[in-house]
Amino acid sequence: MRRFFLCLAVFMMVVSGASYSQTIINYGNLTFPSGFSATNFSEVWDLTQGDLILTYTIDMTGVTQPAPWQTSYTEVGIREMGASNFNPGPWNTYQGGKGGWMTSLVGNLAPSPGTQSLHDKHNLSASGGRDELDYDATNPNTIIGPSGTYVNYGIWFDRDGVDPWQATYWGAVNGGTYNTGGIYHIVISYHAISPTLGTMFATINGIPTGFYTAGWFNGQPPFYPAGLSFKGDMTKMQVFSGLWAPSPAFGTVTVSNITVSGYLSYIYNYVFLANNGVEIERSKYSKSKGTIRSNDDVYFMRGDPTTFTGNLIAVDDVKIDKENTIAGNVTAGEKICLDPGSTITGTATPHATVATLPMPTLSYSAGGASYTLKKNEVRTLAPGSYGNVIVGNNATLKLSTGNYFFKVLETKTESILEIDVTSGPVTINVVTKLLLGKEITVTVKPSGEAGSDKVIFNTLQSTKVTLDKGGYILGTVIAPNTEVLLAKNNRFRGAICAQKIIVERDVVFMHHTSPGTLSKSEVADDDATDPETTTSVVTDYELAQNYPNPFNPTTTIRFALPEAGEVTLTIYNSMGQRVRTLVSGQMNSGWHSVVWDAKDDHGVRVASGVYLYVIKAGSFTAQRKLVLMK
C-alpha cells in the first residue's frame, strides 16, 4: 500500500456564534494490492461543527476475477477514532456501527456491449453488510426508515454501454452513468444530525446515486437521491480506506486524489495548538506525550535530560536545545535547529509546506448570581449563567453535564473542581478571567483521566490564563485571545489552544488519547523536595500536601512536629465519617512520613473520591484534602 500527502488549505465559517477552521486536506493516493490491507489518516474531524465532504477517484480496471461474481471489496469513508479500518461496526445491524463509507465491488466483468451487464457496484454502507436495502434518508436531516427491498437501480454500472432493457428504466437515465471504463469519481457528503447520528449522500461521476422505492417499478422513485444513516461519535471521525481480496488473483485497486473538506477537532488532534509559539522549559520527567503544532515557532529548552514522545509541527522554526530526545517526527516551515546533544528519532523535515491553522473565535456572554466559596466549603452549581465564582482554599465546586457561563471563574490554593460527565460533556465558558490556582485538582467523574475529553474550558479573556503550579488538571483549554501558562510541577491531560503556550519546569502533559496515566506521576509538590523539610530544625507544626495527589494505589503524607507529643492522623470521607486512623500515639519531634494504602481500618479498599486527612498534636489541628483515583 502506497500513501502520498499533498496539500492543505484553510477557510473560515461561522457556526452558532463561533468561528471554526474549515480545512481542506488532500491525502494523495493509495494503492491496495490483493489480500487484506487497510489504513486511516491521523487527522480527527468534528462533524458537529459542519459537514464533511470526502472526494476521491477509484480505478477498478486492475480488478480481476477468478470466476464471475467472485469479487473483492474496497471501502473508503469515515469511522470513529479507535474503530476498525474495515467494516467498523457490528455486522448487519441497522443504525449500528461507528462510521459510514462507500463499498465498491465487481459483479461479472465479462464484456457485454448492448446487453444487460452488472460490472461494477458502488453503495453506501454502514454496520458491515448494510447496503441499498437500508437506504433510509430523504435529505441530510430526515431519516424515514429503510425500504426493506433491493430497489436502488443507481448502484450498478456498466463499463461498455447500456442495453435496451436498462435504457427503459428510469434509473438508467437519471440514476446511473455508463461507459465508465471502470473509473469512478465519487463524492460523499456527511452530515451530523446529533452528536451520535449522521447521514451520508453520494454522487458517482457527477450523478446523485440512491433511490428509495417500495418495490421494482418503471418510473421516478418516491425519493431520489436517497442517503444512508450511520452512527458513531460525530466529534471524532477519521478517514479510512481498505481492500479485502481473498487472493492475489483479484488484482489491485487504486484510490487517488483523496480530498477532505471539513472541520478539524480542537480537542483530539493536538495537545498544544498555538498561534504565536510554544515554549517548553526543562523537565526531569519524560512522560509528556502528544502532537504540538504552532503557527509560529516551537522551542524546547534544555532538557534534564528529557524525552518527549510525539510530533512537532511549526509554520516557522523548531528549536531543540541540548539533552532533549524527540521521539517522533519534526516538521518545520523554516529551520530545524537541533543541538548536537539532542536527538530526533523520527523524520526531520525542514522547509516544508505547513499551513497556518486559525484560532477559533468564541462568542457568548455571562451574568447572574455570584458565589464565593469559603475555605473547605462544598457547593454544587447547576448548568447555567453566573457572575463571579471564586472557589476558596480547600473548597470544592461540583459541576455536571451541560453548559456553564461565568464572568469570572477563579480557584484558590488546593481547591477542587469535581466535574461529573456521567450524562455527557461539561463546557465551562468564561468571559473575563479564568484562573486555576496553586495545587488545583480537576477531577472527572466517573471515568477519571479517560473522561478528560468531556471537559472544555473556553475563555474570551485577553489577559494571561494561568494554570498555577502543582496542579492536577484534566480537560481542554481554549483561549484564542491570549497566552496560557502551564506553571511548574503541573500534571495536565487534555489539549490547549491559545495565542501562545508557555510550559514551565517539571511539568508532565499528555493529550487526551495518550497512553499512560498522570495519577502515578512522579511530579511532586515543592515541599516534598524542599531541603528545609528534611535537614532543618523543625520550629513549627506543619501538615504537608500528600504526594502523589490524586493517587492510586498509595500516597505519602508528611507532617512536622516541633516537639514530642501525642499525635493522631486520621482519614475521613466526604460525609465526615472516620475511615482510617494512620497514627495514634507518642511521636518525637521532626519530620515524619506515613503511607496510606487506600484501605479502611478493616483492611477493605475504599471507593474513589475526595477524602480529608486531619492531624491533631497538642493544640495544633490541621487538615487537607486528598483524591483517590481508580
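Everything numeric in this text was worked out from a predicted model, so none of it was measured.

## Considerations on the overall build of the protein chain
Thought 1: Counting its regular elements, the protein chain contains three helices and 49 strands.
Thought 2: For the protein chain, buried positions account for 56% of its 630 residues.
Thought 3: Of the contacts formed within the protein chain by residues at least 6 apart in sequence, a portion of 56% connects residues at least 24 apart.
Thought 4: Here the protein chain has roughly 24400 Å² of accessible surface; of this, 52% comes from carbon and sulfur atoms.

## Details of the sheet that holds strand β16 (residues 237-244)
Thought 1: One open sheet accounts for six strands, arranged β4-β16-β6-β7-β8-β11; its pairing is antiparallel. The sheet is open, and its two borders are formed by β4 (36-40) and β11 (156-157), each paired with just one other strand.
Thought 2: Strand direction decides the pairing type here: β4 and β16, joined by five bridges, are antiparallel. Bridge assignment links threonine 39 to a residue of β16, and that residue is serine 241.

## What to know about the packing of aromatic side chains
Thought 1: By the definition in use, this model includes 15 aromatic pairs.
Thought 2: Centre to centre, the rings of tyrosine 190 and phenylalanine 230 are 5.7 Å apart; their planes meet at 85 degrees, and the pair counts as edge-to-face. Note that tyrosine 190 is positioned in strand β12 (residues 183-194) and phenylalanine 230 in strand β15 (residues 228-231), a separation of 40 residues in sequence. Residue tyrosine 190 shares its accessibility class with phenylalanine 230, and that shared class is buried.

## Observations regarding the confidence of the model for the protein chain
Thought 1: Of the residues in the protein chain, 84% have a pLDDT of 70 or more, and the chain-wide mean is 85.
Thought 2: Across residues 1-18, where pLDDT falls below 50, the model places 61 contacts with residues more than four positions away in sequence or in other chains.
Thought 3: Between residues 520-535, whose pLDDT stays under 50, and residues either more than four places distant or in other chains, the model counts 35 contacts.

## A look at the pattern of salt bridges
Thought 1: Counted by the stated rule, this structure contains 17 salt bridges.
Thought 2: Salt-bridge contacts for lysine 500 lead to glutamate 279; the nearest nitrogen and oxygen are separated by 3.5 Å. Within this pair, whereas lysine 500 is found in strand β41 (residues 491-503), its partner glutamate 279 is found in strand β19 (residues 278-280), the two being separated by 221 residues in sequence.
Thought 3: With a relative accessible area of 24%, glutamate 279 lands in the partly exposed category.
Thought 4: When the shortest N-O distance is used, the salt bridge between aspartate 506 and lysine 284 registers 2.8 Å. Here aspartate 506 is found in the loop between β41 and β42 (508-511), whereas its partner lysine 284 is found in the loop between β19 and β20 (292-294), with 222 residues between them in sequence.
Thought 5: Through salt bridges that share partners, Arg578, Arg580, Asp597 and Asp601 make up one connected network.

## Topic: the nonpolar core
Thought 1: Core analysis: the largest hydrophobic core is formed by 66 residues, its most contacted members being Phe272, Ile292, Leu312 and Phe509.
Thought 2: Setting aside chain neighbours within four positions, we find leucine 312 in contact with Ile292, Val298, Phe300, Val318, Ile320, Ile326, Asn329, Val330 and Thr331.
Thought 3: Counting 43 residues, the second largest nonpolar core, distinct from the first, contains Phe41, Met102, Phe157 and Met234.

## Some thoughts on a nonpolar patch on the surface
Thought 1: Together, Phe36, Tyr73 and Trp244 line one region of the surface with nonpolar side chains, adding up to about 320 Å² of accessible area.
Thought 2: Examined against the element boundaries, phenylalanine 36 turns out to sit in strand β4.
Thought 3: When its relative accessible area of 53% is taken as the criterion, phenylalanine 36 is described as exposed.

## Let's talk about the sheet that holds strand β44 (residues 555-561)
Thought 1: The strand order across the open sheet built from three strands is β43-β44-β47, with neighbouring strands paired in antiparallel fashion. In this open sheet, the two edge strands, each paired with only one partner strand, are β43 (542-543) and β47 (590-596).
Thought 2: Sheet topology note: the β44/β47 ladder contains seven bridges and is antiparallel. What sits directly across from phenylalanine 559, in β47, is histidine 592.

## Notes on the environment of tyrosine 56
Thought 1: Position of tyrosine 56 among the secondary structure elements: in strand β5 (residues 52-59).
Thought 2: According to the relative accessible area criterion, tyrosine 56 is buried, its value standing at 0%.
Thought 3: In this structure, the C-alpha to C-alpha distance between tyrosine 56 and glycine 28, residues 28 residues apart in sequence, is 9.2 Å.
Thought 4: Setting aside chain neighbours within four positions, we find tyrosine 56 in contact with Val76, Met102, Tyr184, His185, Ile186, Ile188, Val255, Ser256, Asn257 and Ile258.

## Structural notes on the pairing of strand β13 (residues 197-204)
Thought 1: When you tally the buried positions in β13, you get seven out of eight residues, the bulk of the element.
Thought 2: Between β12 and β13, which pair antiparallel in sequence order, lie two residues.
Thought 3: As defined by bridge partners, β13 adjoins β15 across four bridges and the pair is classed as antiparallel. Looking at β15, one finds that leucine 197 is bridged to lysine 231.
Thought 4: In the sheet, β13 pairs with strand β14 (residues 207-209) via three bridges, with the strands oriented antiparallel. The residue of β14 that forms the bridge with isoleucine 204 is isoleucine 207.
Thought 5: Between β13 and β14, which follow one another and run antiparallel, lie two residues, and asparagine 205 among them has a positive phi close to 55 degrees.

Rules behind the numbers
- Residues numbered from 1 in each chain as written.
- Predicted model: local features only at pLDDT ≥ 70, side-chain atom pairs only at ≥ 80, totals over all residues.
- Heavy atoms only, no water.
- Helix = DSSP H or I, 4+ residues; strand = E, 2+ residues; numbered from the N terminus.
- Buried < 20%, exposed > 50% of the residue type's maximum accessible area, 1.4 Å probe, protein only.
- Contact = heavy atoms within 4.5 Å.
- Areas by Shrake-Rupley, 256 points an atom, 1.4 Å probe, with all protein chains shown as cover.
- Pairing = 2+ DSSP bridges.
- Phe/Tyr/Trp six-rings, centres within 6.5 Å; stacked < 30°, edge-to-face > 60°.
- pLDDT = per-residue confidence, 0-100.
- Salt bridge = Lys/Arg side-chain N within 4 Å of Asp/Glu carboxyl O.
- Core = buried A, V, L, I, M, F, W, Y, C linked by side-chain atoms within 4.5 Å.
- Patch = residues over 30% accessible without salt bridge, like charges linked within 9 Å, V, L, I, M, F, W, Y side chains within 5 Å.

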